[in-house]
Amino acid sequence: MATPFTALDQRSANIIRGLTLDAVQKANSGHPGLPLGMADVAVVLWTRVLKYNAGDPFWPDRDRFVLSAGHGSLLLYTLLHLTGYKELTLDQIKRFRQYDSIAAGHPEVELAAGIETTTGPLGQGFATGVGMALAERHLAAKFNRPGFDLVDHYTYAICSDGDLMEGVSHEAASLAGHLGLGKLIYFYDDNHISIDGSTDLSYSDDAAKRFEGYGWHVVRADGHDMVSVLDALTAAQTETTRPSLIITRTIIGYGMPNRQGTQKAHSDPPGEEEIRLAKERLGLPVDQQFYIPDDVLNYMRKAGE
């Protein structure tokens, strides 16, 4: 598990950011803030931990990944493309949010393999992930035998402040804690910003205490430090009797020099000048759109195998 990270891991995260910026700007619509903020976390999960096979996307014992914060759909689409899911082509990402593209504004389960569930309404993915973990528990109890674990997978999700504000997340979290779903691991993208501004406007819950009260295992991570993220994931997997919430402190819109950490990073198209400055900051070529270098593509495709 303690595989060292290299410059290629950071380049992969920054390519996700570059693709997101270009897709949102081209569509003049979208939510760049979450993909830019959670790209480092996503690379750790999809290259070091998640069990999946892009060439066999419906393999029954794959780990499940749910983007409960579905407005940040480009995070999922870029991951699927980079790791080799055939339906999410670069052309589809270029046509993000267009009528004939499967890269819809929010992930829709019937549109492409690798999208495990529809996550438009906030809280829906959170609750569905609990159901997936419960299904794994039931199937494992029914079919596994000593020395032969036919069913043995995790359910991971990324959720936002908006997800945790919704009532359904309270009910689902309570049930998951009560049942001790130890193979359920959620990242809470704790960036302190909502579509209206600072979360202080509408939200002051102590998420850690709340989930501890539900019977969850709670750990914290720096969302821009891959070692911190991997350590938190390792701790979550070590805890087998409780679901885990990884409170991941991030900067929304990470990389945009004038917008990161602000409401403008959440859902506004960044603008050509901000994209230029962000790409310079992230070490990406400013004169190329939808840029994917071969070393990053090969690295991510290898993870997808």
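Refer to the preceding data block for the structure.
Structure report, in brief. (Residues numbered from 1 in each chain as written. Predicted model: local features only at pLDDT ≥ 70, side-chain atom pairs only at ≥ 80, totals over all residues. Heavy atoms only, no water.)

Turning our attention to the overall build of the chain. Broken down by element type, the chain carries 12 helices and seven strands. Its C-alpha radius of gyration of 18 Å places the chain within 12% of the 19 Å reference for a compact globule of 305 residues. Classification of the 305 residues of the chain by burial places 57% in the buried group. Of the roughly 12600 Å² of accessible surface on the chain, a fraction of 51% belongs to carbon and sulfur atoms. The centroid of the 27 positive side-chain charges in the chain is displaced by 3 Å from the centroid of its 39 negative side-chain charges. (Helix = DSSP H or I, 4+ residues; strand = E, 2+ residues; numbered from the N terminus. Rg over C-alpha atoms; globule rule 2.2 N^0.38 Å. Buried < 20%, exposed > 50% of the residue type's maximum accessible area, 1.4 Å probe, protein only. Areas by Shrake-Rupley, 256 points an atom, 1.4 Å probe, with all protein chains shown as cover. Lys, Arg positive; Asp, Glu negative; His and termini not counted. Charge placed at Lys NZ, Arg CZ, Asp CG, Glu CD.)

Take the packing of aromatic side chains next. Applying the stated criterion to the full structure yields 11 aromatic pairs. For the ring pair Tyr 77 and Phe 96, a centre distance of 6.4 Å and an interplane angle of 65 degrees mean the geometry is edge-to-face. In this pair, Tyr 77 is assigned in helix 3 (residues 73–83) and Phe 96 in the loop between helix 4 (90–94) and helix 5 (124–143), connecting sequence segments 19 residues apart. Comparing Tyr 77 with Phe 96, the two get one shared label, buried. With centroids separated by 5.7 Å and ring planes inclined at 90 degrees, the aromatic side chains of Phe 211 and Tyr 214 adopt a geometry described as edge-to-face. The exposure class of Phe 211 is buried, given its relative accessible area of 0%. Of note, Lys 142 hangs over the ring of Phe 143, and the distance from its end group to the ring centre comes to 5.8 Å. (Phe/Tyr/Trp six-rings, centres within 6.5 Å; stacked < 30°, edge-to-face > 60°. Lys NZ or Arg CZ within 6 Å of the ring centre and 35° of its normal.)

On to the layout of surface pockets. In this structure, the largest pocket encloses a volume near 290 Å³. Along its surface, the largest pocket is lined by 20 residues, and His 71, Gly 162, Ser 194, Ile 195 and His 266 are the ones closest to its centre. The set of elements that each furnish at least two residues to the lining of the largest pocket consists of helix 2 (33–49), helix 6 (161–165) and strand 4 (193–194). With three residues, helix 6 is the single largest residue contributor to the lining of the largest pocket. (1 Å grid on protein atoms, 1.4 Å probe; cavity = no way out; pocket = protein on both sides within 12 Å on 5 of 7 lines; lining within 4 Å. Points joined across faces, edges and corners; volume = space filled by probe spheres on them.)

Before going further, it helps to spend a moment on the sheet that holds strand 1 (residues 64–67). On the basis of which strands lie adjacent, the open sheet formed by five strands has the order 1-2-3-7-6 and parallel pairing. Every interior strand has two partners, whereas the edge strands, strand 1 and strand 6 (217–222), have only one. Strand-to-strand, the axes of this sheet are offset by a mean angle of 20 degrees, without reference to chain direction. Pairing between strand 3 (residues 184–190) and strand 7 (residues 244–249): six bridges, direction parallel. By the bridge assignment for strand 7, Tyr 186 is matched with Leu 245. Those strands touched by helix 5 are strand 1, strand 2 (155–159) and strand 3, and its axis lies near 165 degrees from that of strand 3. The strands touched by helix 9 (residues 226–238) are strand 2, strand 3, strand 6 and strand 7; relative to strand 6, the strand with the most contacts, the crossing angle is about 170 degrees. (Pairing = 2+ DSSP bridges. Axes fitted to C-alpha atoms, helices over the stretch in contact; angles between N-to-C directions. Contact = heavy atoms within 4.5 Å.)

Here we come to the environment of Ala 236. When you line up the elements, Ala 236 lands in helix 9. Overall, the relative accessible area of 0% leaves Ala 236 in the buried class. Note: C-alpha distance between Ala 236 and Ile 185 (51 residues apart in sequence) is 6.8 Å.

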